[in-house]
Amino acid sequence: MRALDQSALSEADQGRLAELNVSPVTVLQIGEGNFLRGFFDWMVHESRERGFFKGSVAVTQPRPTGKPKIEALAGQDGLYTLVLRGLEDGESVERKEIVSVFSEAFDPYSDWTRMIKLAVSPDLRFVVSNTTEAGLTYRPEAFTEGAPILSFPGKVAYLLYLRYLKYEGAAQRGLIFLPCELLERNGDSLRDAVLRYANDWNYPHSFRTWVKKHNRFLNSLVDRIVTGYPDAEQAETWFSEWGYRDDMLCTAEPYHLWAIEAEQELDEELPFRKAGLNVLWVEDLRPYQQRKVRILNGAHTLMTPLGILHGVDHVRELMEHEKLGAFVRATVSDEIIPTLPYPENEMRAYADTVFERYLNPYIRHRLADIAMNSISKFKVRLIPSLAYYEERGEPVPAGLVQGLAGLLRYYRVRRSGEHYEGTTFEGQRYSVRDDARALETISSIWDKADRLSEPLSDTIARLLAEQSLWGRDLSSWPSLTDSVTAIMARWAEGEIQ
Ligand SMILES: NC(=O)c1ccc[n+]([C@@H]2O[C@H](COP(=O)([O-])OP(=O)(O)OC[C@H]3O[C@@H](n4cnc5c(N)ncnc54)[C@H](O)[C@@H]3O)[C@@H](O)[C@H]2O)c1
Ligand SMILES: O=P(O)(O)OC[C@@H](O)[C@@H](O)[C@H](O)[C@H](O)CO
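Residues numbered from 1 in each chain as written. Chains lettered and ligands numbered in written order. Predicted model: local features only at pLDDT ≥ 70, side-chain atom pairs only at ≥ 80, totals over all residues. Heavy atoms only, no water.

**Some words on the overall build of the protein chain**
Applied cut-off: Helix numbers and strand numbers start at the N terminus; a helix is a DSSP run of H or I with at least 4 residues, a strand a run of E with at least 2. Radius of gyration here is computed from C-alpha atoms only, and the compact-globule reference equals 2.2 Å multiplied by the residue count raised to the power 0.38. Here, two residues are considered to be in contact whenever any of their heavy atoms come within 4.5 Å of each other. Areas reported as accessible are Shrake-Rupley estimates using a 1.4 Å probe. Residue values count occlusion only from the protein chains shown.
On a plain count of helices and strands, the protein chain comes out with 22 helices and 16 strands. Taking 23 Å as the expected radius of gyration for a compact globule of 497 residues, we find that the protein chain reaches 23 Å, a close match to that expectation. By its C-alpha atoms, the protein chain is 65 × 55 × 50 Å across when sized along the principal axes. Considering only intrachain contacts with a sequence separation of at least 6, the fraction spanning at least 24 residues in the protein chain is 74%. Surface accessibility of the protein chain: about 21,100 Å² in total, with carbon and sulfur atoms responsible for 47%.

**A look at the site of ligand 2**
The condition that has to hold: By convention in this text, a residue qualifies as near a molecule or strand provided that one of its non-hydrogen atoms is within 4 Å of it. Between N or O atoms, a polar contact is any pair within 3.5 Å; within protein, one atom must be a potential hydrogen donor and the other a potential acceptor, and residues adjacent in sequence are included only when both atoms are from side chains.
Around ligand 2 sit L182, D223, R224, I225, K292, L296, N297, H300, H365, I370, K377 and R381, and that is every residue in its neighbourhood. Between ligand 2 and the protein, one listed contact pairs an oxygen atom with a side-chain N or O atom of K292 at 2.7 Å. Interatomic distance of 2.7 Å between a side-chain N/O atom of H300 and an oxygen atom of ligand 2. Isolated, ligand 2 exposes 390 Å² of accessible area, and the fraction of that covered by the protein chains is 85%.

**So, the side chain of D188**
Spelled out, the test is: Each residue gets one of three labels from its accessible area relative to the maximum for its type: buried under 20%, exposed over 50%, partly exposed in between, using a 1.4 Å probe on protein chains only.
Within the secondary structure, D188 sits in helix α8 (residues 186-200). Exposure remark for D188: the relative accessible area of 19% places this residue in the buried category. Among the polar contacts made by the side chain of D188, one reaches the side chain of R185 at a distance of 2.8 Å. Leave out the neighbours within four places in its chain, and D188 touches F217 and N219.

**Let's talk about the site of ligand 1**
The criterion, for reference: When residues are grouped by polarity, Ala, Val, Leu, Ile, Met, Phe, Trp, Tyr, Cys and Pro land in nonpolar, Asp, Glu, Lys and Arg in charged, and all others, Gly among them, in polar. As annotated, the domain borders come from an automatic or database domain assignment.
What surrounds ligand 1 is a group of 22 residues, the closest being E32, N34, F35, N130 and V226. Interatomic distance of 2.6 Å between a side-chain N/O atom of N130 and an oxygen atom of ligand 1. Contacts to ligand 1 include L182, whose backbone N or O atom sits 3.3 Å from an oxygen atom. Contact with the protein chains covers 87% of the free accessible surface of ligand 1, which is 820 Å². Contributions of two or more residues to the shell around ligand 1 are made by α2 (34-38) and α6 (132-135). Considering every element that reaches the shell around ligand 1, the biggest residue donor is α6, with four residues. Here the residues of the shell around ligand 1 sort into eight nonpolar, eight polar and six charged. The residue makeup of the shell around ligand 1 includes at least three contributed by each of domain 1 (6-282) and domain 2 (286-492).

**A few points about the UniProt feature "domain: Mannitol dehydrogenase C-terminal" (unreviewed entry) in the protein chain**
Our working definition: UniProt positions are given in the numbering used here, feature names are shortened, and annotations may be inferred rather than shown by experiment.
Under the feature "domain: Mannitol dehydrogenase C-terminal" (unreviewed entry), the UniProt entry names residues 284-486. Taken end to end, residues 284-486 has its terminal C-alpha atoms 41 Å apart, with 65% of it in helix and 6% in strand.

**Describing the sheet that holds strand β11 (residues 250-252)**
Spelled out, the test is: Two strands pair if DSSP finds at least two bridges between them. Fitted lines through C-alpha atoms serve as axes, helices being fitted only where they are in contact, and the angles separating the N-to-C directions of these axes extend from 0 to 180 degrees.
In spatial order, the strands read β4-β3-β11-β10; together these four strands make up an open sheet with mixed pairing. Bordering the open sheet on either side are β4 (91-100) and β10 (226-228), each of which pairs with just one other strand. Taking each pair of neighbouring strands and ignoring which way they run, the sheet shows an average axis angle of 20 degrees. By the bridge criterion, ten bridges tie strand β3 (residues 79-88) to β4 in an arrangement that is antiparallel. Looking at the pairing, T81 lines up with I98 of β4. Each of β3, β4 and β11 is contacted by helix α10 (residues 232-242), which is oriented at about 115 degrees to β3, the strand it contacts most.

Right, here's the structure in full:
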């Protein structure tokens with residue numbers, strides 16, 4: 001069967017694609033992953049279809065490892081299929097669209113000059129990113145003239161500097177950044193990291209002033225469950241129906257919300273609301289952010305290690321599991337919601353809609369996908385809930401402790417070639433994807449514990465003390481080490497329920 005390319009489009013859509021390909025690149029996208037394709041790019045597509053958005057998007061990957069996906073996109077004329085499936089007002093919907101917004105898809109590591117050319121283009125206005133929480137961090141990096149910069153904020157610092165030099169600090173040449181990573185105040189985090197690189201690389205003070213004054217780093221909160229490539233059987237069914245294959249096929253729920261902390265006049269430049277999309281310009285993002293990250297993402301990150309250890313593959317399956325489903329509901333309701341400074345009934349109503357979305361019969365959200373970079377996710381999504389109790393001098397409650405124990409047991413990994421592998425309670429192997437340094441730190445602690453037959457409580461204390469993982473020393477919290485150790489000891493004895 002042929003692969004998706006422009007010949008799969010209707011004549012009218014081919015015309016629109018030709019138009020897209022000569023549209024100026026107004027958006028640089030750093031991130032080839034599922035989320036941006038199921039959310040931001042779909043929004044641009046919808047807005048273009050309605051005639052509100054004139055520019056096009058150049059997509060690049062944030063890490064050298066993302067190259068195959070970029071090549072796949074380029075090989076498909078920048079096209080991919082998005083299927084939205086779920087319940088809308090109680091009705092089941094399934095909508096398929098071929099999204100065409102990419103006029104360029106290239107690997108910045110092998111074509112750094114192209115990246116630079118784009119960064120200094122007068123047409124460029126937006127930079128959108130999704131590099132996960134692990135990617136939106138400052139890590140000291142040496143600068144080598146002519147060589148691509150590895151980190152995402154480091155790239156931004158350097159490319160902005162070139163732009164500043166080219167336009168001699170002109171106010172109107174500043175850019176608007178839309179980081180979609182799920183960090184509180186993601187825009188501020190990006191700006192701060194950029195300024196730190198500027199400092200490391202001795203860029204002039206006037207550049208830093210230009211960055212702060214004439215570039216906007218918008219804080220925003222994204223919400224849509226994007227489940228990526230579906231199971232093979234479903235994909236094959238669709239391909240036979242459509243008459244083409246699509247390696248970049250993506251699935252998502254219809255629900256979407258993007259709350260952006262900015263004035264609504266930005267609608268003129270980013271006309272998503274005009275296109276009928278659920279984009280909110282808000283004065284204070286915090287309530288949207290906190291309830292979503294702590295409840296929806298927190299529950300995902302809570303359930304994932306435990307689910308995988310129990311051999312459960314998908315979110316819905318887990319929510320339908322008698323014990324694990326009840327565990328997630330109870331932990332959210334009794335332990336996470338009380339930590340939020342908002343009316344309890346509103347938080348309960350929100351949690352109910354989240355559980356309903358988890359149970360969406362049309363999407364299969366793989367725990368293995370949610371598991372990626374679980375350490376940094378736990379730090380952002382669950383530690384604030386645990387810290388609430390510690391700050392009040394209360395013991396961390398049982399469900400959250402169990403989640404932390406599950407995480408540590410899930411990360412009981414050994415290096416196997418290029419991968420780090422753990423084993424489920426039933427002895428099945430799984431591979432863990434996370435920041436290399438975090439994996440190295442954890443695996444060496446477990447490795448040493450095994451070699452020295454160290455008491456479990458010492459190992460747990462060492463893991464919890466690792467500030468590079470949690471941003472603080474969790475071993476100093478009264479009783480946490482003991483409570484986690486007690487659960488892990490029971491699991492080691494084979495008591496897994
Ligand atoms: N999938 C969803 O439902 C959803 C919803 C809201 C937000 N998000 C955001 O998306 C992220 C997951 O992305 P996805 O669902 O597109 O998964 P994905 O695996 O398809 O894409 C992950 C992207 O992040 C990059 N990345 C991963 N680790 C990185 C690192 N250490 N440094 C730089 N880049 C790195 C990858 O190269 C890739 O571009 C989440 O962490 C969150 O920030 C996802
Ligand atoms: O996307 P991740 O990998 O950061 O986190 C997994 C899920 O919690 C997340 O994708 C949610 O489904 C999403 O944030 C819903 O808006």
